[in-house]
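Breakdown of the fold
Here is how the chains run, residue by residue.
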Number of protein chains: 2
Amino acid sequence: MFYLNDLFLQKLFIHMKNLIIASTSTIYNGTYLEYLLPTLKEHFKNISTLLFIPYARPGGITHDQYTEKVRTAFATINIDVKGIHEYTNPVEAVQQAEGIFTGGGNTFLLVQQLYKNNVLNTVIDVVNNGTPYLGCSAGSNICGLTMETTNDMPIVYPPSFKTFGFVPFNLNPHYLDPIEGSTHMGETRETRINEFHAFNTQPVVGLREGSWLEVKGDQITLKGELDARIFEQNKEAYEVKTNTDLSHLN
Amino acid sequence: MFYLNDLFLQKLFIHMKNLIIASTSTIYNGTYLEYLLPTLKEHFKNISTLLFIPYARPGGITHDQYTEKVRTAFATINIDVKGIHEYTNPVEAVQQAEGIFTGGGNTFLLVQQLYKNNVLNTVIDVVNNGTPYLGCSAGSNICGLTMETTNDMPIVYPPSFKTFGFVPFNLNPHYLDPIEGSTHMGETRETRINEFHAFNTQPVVGLREGSWLEVKGDQITLKGELDARIFEQNKEAYEVKTNTDLSHLN
């Protein structure tokens, strides 16, 4: 009886959204993904091979170089990694993936490549049907409704700014508070997000480095040790504590 | 005879490009445009009314609010200001302008509005034919070949990233050196520009706040007190001193 219930639950959960949306891959003084590994061990406990999407190419490194870096990190929790560029048919690679990780880098490049390789809608389908997903930085930014609150430089022109929409708001990874006493006249992050809200209605979640969102079905929870900063149109920005349920935000 | 020569020279110069491309409108501890006013008095000495393009709307302020701010600054050098949004036909407004100023704000919004109002090519035509131009920040970014080295947030989707091309390279206004000892893991400005060069060949001029480029015909000169940082594809970035001739850079 207990065994049946367990199977029943597993079947139920297997078709639920299951995401980790992290501000950054690496925190100060840490190695790549190190701070997240205990969480990822649990998140990817049912999979043996992870599909990696290296399209964002941080600093212009190659897909192979980037995939190798990810392979090294996941080897420590006994998960094998394959880069999407290693497959002839990237759409099939996504359809058959046990789990998906999109790494950070340049969001414009990432989104351009997702469209060019025709995988954007396939990723949406499989993740909405339960394929566990991990995003870091640019790979998290695209989990929002649009990429319009990225911090990245528009080094290439994507055919659209529309992204996965796994959460009903936008994300600003690597969220940075204004630097007190700064003499720099360029816009602060908060000013930029306010400009976004002059033209767009969806909330923006400013995720500080070390924070992540855990998405289980429709449940969205802030994780990590830090507070996050929430921007809603026509409202003062406000802070929320870790473990806050953000499911209502839209 | 002297008088004829003078007229001849004026005629010659009148069809030459004549631009001030400034990193920022405002330097720390200064008021709006203050540090540039002596330069602008000379730059706009032959005009009585300036056409202002307020499309970039810094912080989401209205076209009227922005134009009023510019009007106040130019009143101190006896130049009247009209906003392009005050005209029924913005293309005619550009064609008839004695001088043009494009203010800072969000570059994505600015470029989207230039295309939407169909004025991009008209500005290119009149400025290439001698109408004096001033750009600050976003209004300077668009003087390059593309807007792909802006620092701004992509809050709206422009139909193209192609911009004026008054200089044969790209610009990065508000150029910021990496902050020594920073614990932030987001990309530095230099990393972002290197990512740009993984996909694009044109040089990028990093203009620090307080610097500007003076363009007279094909002559491009760095002005202000600070050095600028030049990024060329497949080369180490390097510094150039004020008064350096950048005409060769392309």
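Sequence order sets the numbering: in each chain, residues are counted from 1 along the sequence as written. All chains are assigned letters beginning with A, and all ligands numbers beginning with 1, in the order in which they are written. Local features in this predicted model are restricted to residues whose pLDDT is 70 or higher, and side-chain atom pairs enter the listing and the counts only when it is 80 or higher, whereas totals over whole chains, interfaces and linings include all residues. Side-chain figures throughout are based on the complete set of non-hydrogen atoms in the structure, without hydrogens or water.

Within an unreviewed UniProt entry, the label attached to chain A reads Dipeptidase E, and the organism entered is Myroides profundi.

Our focus in this paragraph is the relation of the copies chain B and chain A. We place the copies in one frame by least squares, fitting the C-alpha atoms of every residue whose pLDDT is at least 70 in both. Rotating chain B by 180° about the axis while translating it 0.0 Å along that axis superimposes it on chain A, leaving an RMSD of 0.0 Å. Each copy turns onto its partner about a two-fold axis. When checking whether two residues touch, look at their non-hydrogen atoms; a contact exists if any pair is within 4.5 Å. The residues that chain B uses at the interface reappear at the interface of chain A in 100% of cases, marking a shared surface.

Quantified by volume, the largest pocket comes out at close to 900 Å³. Leu-176, Ile-179 and Arg-189 of chain A together with Leu-176 and Ile-179 of chain B are the residues nearest the centre of the largest pocket, which is lined by 28 residues in total. Helix numbering and strand numbering both begin at the N terminus, where a helix is a DSSP run of H or I of at least 4 residues and a strand a DSSP run of E of at least 2. Secondary structure elements with two or more residues in the lining of the largest pocket: helix 8 (189-197) of chain A together with helix 8 (189-197) of chain B. In this classification, Asp, Glu, Lys and Arg are treated as charged, Ala, Val, Leu, Ile, Met, Phe, Trp, Tyr, Cys and Pro as nonpolar, and every other residue, Gly included, as polar. When its residues are assigned to classes, the lining of the largest pocket shows seven nonpolar, twelve polar and nine charged. A 1.4 Å probe that fits but cannot get out identifies a cavity on a 1 Å grid over protein atoms alone, an open set with protein on both sides within 12 Å along at least five of seven lines counts as a pocket, and a residue lines either if it has an atom within 4 Å of a point. Grid points are joined across faces, edges and corners, and a volume is the space filled by probe spheres set on the points.

Right, let's talk about the interface of chain B and chain A for a bit. At the junction of the two partners, chain B supplies 46 residues and chain A supplies 46 residues. Summed over both partners, the accessible area (1.4 Å probe) lost when two parts come together is defined as the buried area. Interface area, chain B with chain A, both sides summed: about 3800 Å², of which 64% is carbon and sulfur. The salt bridge criterion pairs a side-chain nitrogen of Lys or Arg with a carboxyl oxygen of Asp or Glu, the two atoms within 4 Å. Summed over the shared surface of chain B and chain A, the number is two salt bridges. Salt-bridge contacts for Asp-152 of chain B lead to Arg-192 of chain A; the nearest nitrogen and oxygen are separated by 3.3 Å. Whenever two N or O atoms come within 3.5 Å, that pair is a polar contact, provided that in protein one can donate a hydrogen and the other can accept it, and provided that, for residues adjacent in sequence, both atoms are side-chain atoms. Connecting chain B to chain A are 15 residue pairs in polar contact (both at pLDDT 80 or more).

Another aspect to go through is the environment of Tyr-35 of chain A. Residues and elements named next belong to chain A. Structurally, Tyr-35 can be placed in the loop between strand 1 (18-22) and helix 2 (37-43). Each C-alpha atom of the pair Tyr-35 and Lys-116 lies 33 Å from the other, and the pair is 81 residues apart in sequence. Setting aside anything within four residues of it in sequence, one finds Tyr-35 in contact with Ala-22, Thr-24, Ser-25, Thr-26, Ile-27, Gly-210 and Trp-212. One polar contact links the side chain of Tyr-35 to the main-chain carbonyl oxygen of Thr-24, over a distance of 2.6 Å.

The next thing to look at is the sheet that holds strand 11 (residues 238-240) of chain B. Sheets are built from strands paired through backbone hydrogen bonds, the pairs being either parallel or antiparallel. Residue and element names in this part refer to chain B. Taken in spatial order, the four strands of this open sheet run 6-7-10-11, and their pairing is mixed. Single-partner strands in this sheet number two, and they are strand 6 (170-172) and strand 11. The average undirected angle you get between the axes of adjacent strands in this sheet is 30°. Paired strands, in this sense, are two strands between which DSSP finds at least two bridges. Where strand 10 (residues 228-231) lies against strand 11, three bridges are found, and the strand directions are antiparallel. Note that in strand 11 the partner of Ile-230 across the bridge is Tyr-238. Along the sheet face, helix 8 touches strand 6, strand 7 (204-206) and strand 10 and points at about 30° away from the line of strand 10. Orientation is described by lines fitted to C-alpha atoms, with helices fitted over the stretch in contact, and by angles between N-to-C directions that extend from 0 to 180 degrees.

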